[in-house]
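Coordinate analysis (summary)
Now for the letters of each chain:
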Amino acid sequence: MIAIEDVSKRYADGTVAVDRLSLQIPDHSITVLVGPSGCGKTTTLRMINRMVEPSSGTIRINGEDIRSRPVNALRRSMGYVIQNAGLFQHRTILDNIATVPRLLGWSKERARARAAELMERVGLDPGMARRYPYQLSGGQQQRVGVARALASDPPILLMDEPFSAVDPVVRRGLQEELLRIQEELGKAIVFVTHDMDEAITVGDRVAVMRTGGKLAQFASPDELLSSPADAFVEEFLGADRGIRGLSFLSTRELTLDRTAVFPVGADWQEIAGRADAPAQVLVTDAAGRPLGWADPTAWGGEVEALEPHGQTFEVGRDSLRVALDRAVLSPTGRAVAVDGAGQVLGVAGQETIAAAIRAARRQRAADSEPGPSQVKAAR
Amino acid sequence: MNGFFDIPSDLQHSYPGLISWHMQEALIPVLVGLLLALPIGLLCVRFNWVYAPVLWVTTVLYAIPSLAFFVVLIDYTGLSRLTVMIPLSLYSLVILVPSVVDGVRSVPEETNAAAAAMGIGLVRRYFQVQLPIAVPAITAGLRVATASSISLVSVGALIGNQGALGNLLTTAMLYHRPVLAVNSVVTTAVLAVVVDALLVLLRRVLTPWQPPSARRAGRGRATTAGAARTPESVS
């Protein structure tokens, strides 16, 4: 637990980078500091490893004032990941990762063995061990940066805009990798970003800071999106916070329509002849996987003639945001729900999803406390 | 070229002996200059304000003609090799301090921040992170310093025959054997070229981490900047 207690940072020229900030950063979770440039988020991060000394206030780790330890010992007990990775260009990938273990006095063999293990953990090809940083792409360098920070297995990881300099596709991959690694390691991670989407994707808790170094709101991403504290937070969240908030609503309670789903071998004459025959039906293969949409009165039975069903959503795993997205993109306005094996569970129209959203909101308001059942997903 | 390698006995050295003497007198000062430049560089990097006065003092020293320097030193160190090597050490220092400081300053900010954040202390950071990354800039400075040092040793011939290969120049005049002067000039030039090539090789060996494009461009601005201000263009 990192406790930031009433911390301020004023510079000699009178600028206030951080203004009386108090923040409790829990273990085993990712806490994101987010805000516009000049809001003091990086300064706050750097005060935790004393690269910046606070003008007033105290920072404690597990109750102990961080000033009670020698500064380099403190820093070696925390991983640090920086924008552009900041790799040592004169050292191989393996030796970059082995830096802190070596500083802690590990033998070269042990440090390198640990480094090799970490390369695997962050998804780097072991063949890169002997290469130099210039031979790697930006995304790969950033993976090395993460591996280097994790090398001595520190309980705390500080990440300063770690993924800001890579392209969006690579960034998404790195974010997913971080969440996967965090699931395995359960560190106390402090993550600085200016990107609200990234904050909501990776954060368990998000601290929104405003210019002048003041805390605007500290809440879970879900709570942030559903009830921003003030106009500043609301504006910073962007125009589509309603849609984004759907990421935290589960599809589990969604009512699925099974009446418009038929296997490819069904009696189409009979279906077309029904009085309540649907205008569009979803045709599945023998195993129950979706093949496409068809008008039962016009379809001749050729799979090639089906209208593509587009992407599906997995009930329980995907959020209502994904379901709504699929429905909006579907040619029939209905999204195809599948189970983990890819078999069709039913379809859901936009109205059904909208009803589910309203129901979930009502439920949420009744509970008022965000429960553990919420899905953490931006998939 | 009759008698090209026929060195008069009063020089008390064979041709290879002269070369070895010349190299010692030229390279030891460069080494001393480098060893002094590293801690001075650390000071300049740590305390930014030190750099300007250091640069000012060294530049003034650089402006002193080598011969004048020798003459002043004779009072203290006599007609010895030391009298030649002390000014050469200072000249090397003048070239190497900016090379070291500029090289260290060119280390990317995020590399320094990452090193600090990992708990690498100031001195360790300087020697293990910043200096290795500054190697291309430092070798560029070393090349200028050694070339200038190798040529300047010859001036030592004027103070008690302490000029190694330069002594051939005075002897050539004494015995009216111009071929000895040619020998002196050619040998000095060849030595300078060979040492320069070795330094390039050294840089290649020390910097396997440089992208190939940077390796080709690695001649460095220090070479051109330094060449414009060799001491002999002053004296």
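Basis of the calculations
- Residues numbered from 1 in each chain as written.
- Chains lettered and ligands numbered in written order.
- Predicted model: local features only at pLDDT ≥ 70, side-chain atom pairs only at ≥ 80, totals over all residues.
- Heavy atoms only, no water.
- Helix = DSSP H or I, 4+ residues; strand = E, 2+ residues; numbered from the N terminus.
- Buried < 20%, exposed > 50% of the residue type's maximum accessible area, 1.4 Å probe, protein only.
- Contact = heavy atoms within 4.5 Å.
- Areas by Shrake-Rupley, 256 points an atom, 1.4 Å probe, with all protein chains shown as cover.
- Salt bridge = Lys/Arg side-chain N within 4 Å of Asp/Glu carboxyl O.
- Domains from an automatic or database assignment.
- 1 Å grid on protein atoms, 1.4 Å probe; cavity = no way out; pocket = protein on both sides within 12 Å on 5 of 7 lines; lining within 4 Å.
- Points joined across faces, edges and corners; volume = space filled by probe spheres on them.
- Nonpolar A, V, L, I, M, F, W, Y, C, P; charged D, E, K, R; others polar.
- Pairing = 2+ DSSP bridges.
- Expected span 1.5 Å × (residues − 1).
- Arc of directions from axis to C-beta.
- pLDDT = per-residue confidence, 0-100.
- Buried area = accessible area lost by both parts, 1.4 Å probe.
- Polar contact = N/O pair within 3.5 Å; in protein donor to acceptor, adjacent residues only side chain to side chain.

1. Considerations on the overall build of chain A
Within chain A one finds 14 helices and 16 strands. Projected onto its principal axes, the C-alpha positions of chain A cover 85 × 50 × 30 Å. The buried share among the 379 residues of chain A stands at 49%. When contacts within chain A are restricted to residue pairs at least 6 apart in sequence, those whose partners lie at least 24 apart make up 62%. As displayed, chain A has an accessible area near 17000 Å², and 49% of this comes from carbon and sulfur atoms.

2. Here's the deal with unusual backbone geometry
Residue and element names in this part refer to chain A. Backbone geometry places Asn-62, a non-glycine residue, at a positive phi of 50°. For Asn-62, a relative accessible area of 60% corresponds to the exposed category. Not every positive phi belongs to a glycine, and Asn-84 is a case in point at roughly 65°. Note that Asn-84 resides in the loop between strand S6 (78-82) and helix H3 (93-97). Residue class for Asn-84 comes out partly exposed when judged on its relative accessible area of 39%.

3. With respect to the pattern of salt bridges
All names here are of chain A. Taken as a whole and assessed by the stated rule, the structure comprises 26 salt bridges over all chains. Glu-234 serves as the salt-bridge partner of Arg-241, at 3.2 Å between the closest nitrogen and oxygen. The salt bridge involving Arg-274 is made with Glu-270; its shortest N-O contact spans 3.3 Å. For Glu-270, a relative accessible area of 40% puts it in the partly exposed group. Within the structure, one salt-bridge network assembled from shared partners comprises Arg-121, Arg-143, Glu-177, Arg-180 and Glu-184.

4. Focus on the domain arrangement of chain A
Parsing chain A into structural domains produces domain 1 (2-237) and domain 2 (261-359). Computed over C-alpha atoms only, the centres of domain 1 of chain A and domain 2 of chain A are separated by 44 Å.

5. Focus on empty space enclosed by the protein
Residues and elements named next belong to chain A. The tally for this structure, following the rule as stated, stands at three cavities of 30 Å³ or more. Roughly 60 Å³ of internal volume is contained in the largest cavity. Broken down by secondary-structure element, the contributors of at least two residues to the lining of the largest cavity are helix H6 (138-150) and helix H7 (168-185). The class makeup of the residues in the lining of the largest cavity is six nonpolar, no polar and two charged.

6. Observations regarding the sheet that holds strand S5 (residues 64-65) of chain A
All names here are of chain A. Taken in spatial order, the four strands of this open sheet run S2-S1-S4-S5, and their pairing is antiparallel. This sheet does not close on itself; its edge strands, each paired only once, are strand S2 (16-25) and S5. Both strand S1 (residues 2-10) and strand S4 (residues 56-61) contribute to a ladder of five bridges, which runs antiparallel. Paired with Ala-3 across the strands is Arg-60, a residue of S4.

7. A closer look at the environment of Ile-2 of chain A
Residue and element names in this part refer to chain A. Tracing the backbone through its elements, the reader meets Ile-2 in strand S1. Of the residues examined, Ile-2 reaches a relative accessible area of 1% and is grouped as buried. Residues Ile-2 and Lys-108, 106 residues apart in the sequence, show an inter-C-alpha distance of 32 Å. Beyond its immediate sequence surroundings of up to four residues, Ile-2 is in contact with Leu-23, Gln-24, Ile-25, Ile-48, Ile-59, Arg-60, Ile-61, Ile-156 and Val-190.

8. Quick word on helix H2 (residues 48-63) of chain B
Residues and elements named next belong to chain B. Its 16 residues place the ends of H2 24 Å apart at the C-alpha level, agreeing with the 22 Å of an ideal helix rising 1.5 Å per residue. Along H2, the residues that are buried comprise Val-50, Tyr-51, Val-54, Thr-58 and Tyr-62. Within H2, the buried residues cover an arc of 95° as seen down the axis, which keeps them to one side. In H2, those exposed residues whose orientation departs by more than 90 degrees from the buried face are Trp-49, Ala-52 and Trp-56. Contact partners of the buried residues in H2: helix H1 (15-46) and helix H4 (81-105).

9. As for the confidence of the model for chain B
Residue and element names in this part refer to chain B. Put simply, chain B has an average pLDDT of 86, and 90% of its residues get 70 or more. When mean pLDDT is compared element by element in chain B, helix H6 (residues 122-152) scores highest at 95, while helix H10 (residues 221-227) scores lowest at 38. Confidence drops under pLDDT 50 across residues 218-235; counting only partners more than four residues distant or on other chains, this segment forms 31 contacts.

10. A closer look at the interface of chain B and chain A
Contact residues are listed per partner, giving 23 residues for chain B and 22 residues for chain A. Summed over both sides, the interface between chain B and chain A buries roughly 1900 Å², with carbon and sulfur atoms accounting for 65% of that surface. When the area that chain B buries against chain A is broken down by residue, the three leading residues are Ala-117, Met-118 and Trp-209 of chain B, summing to 34%. Linking chain B with chain A are zero salt bridges. Inspection of the chain B/chain A interface yields three residue pairs in polar contact (both at pLDDT 80 or more). When contributions to the side of chain B that touches chain A are tallied by element, the ones reaching two or more residues are helix H5 (109-117), H6 and helix H9 (212-216) of chain B. For the side of chain B that touches chain A, the element with the highest residue contribution is H5 of chain B, accounting for seven residues. Residue composition of the side of chain B that touches chain A, by class: 15 nonpolar, five polar and three charged.

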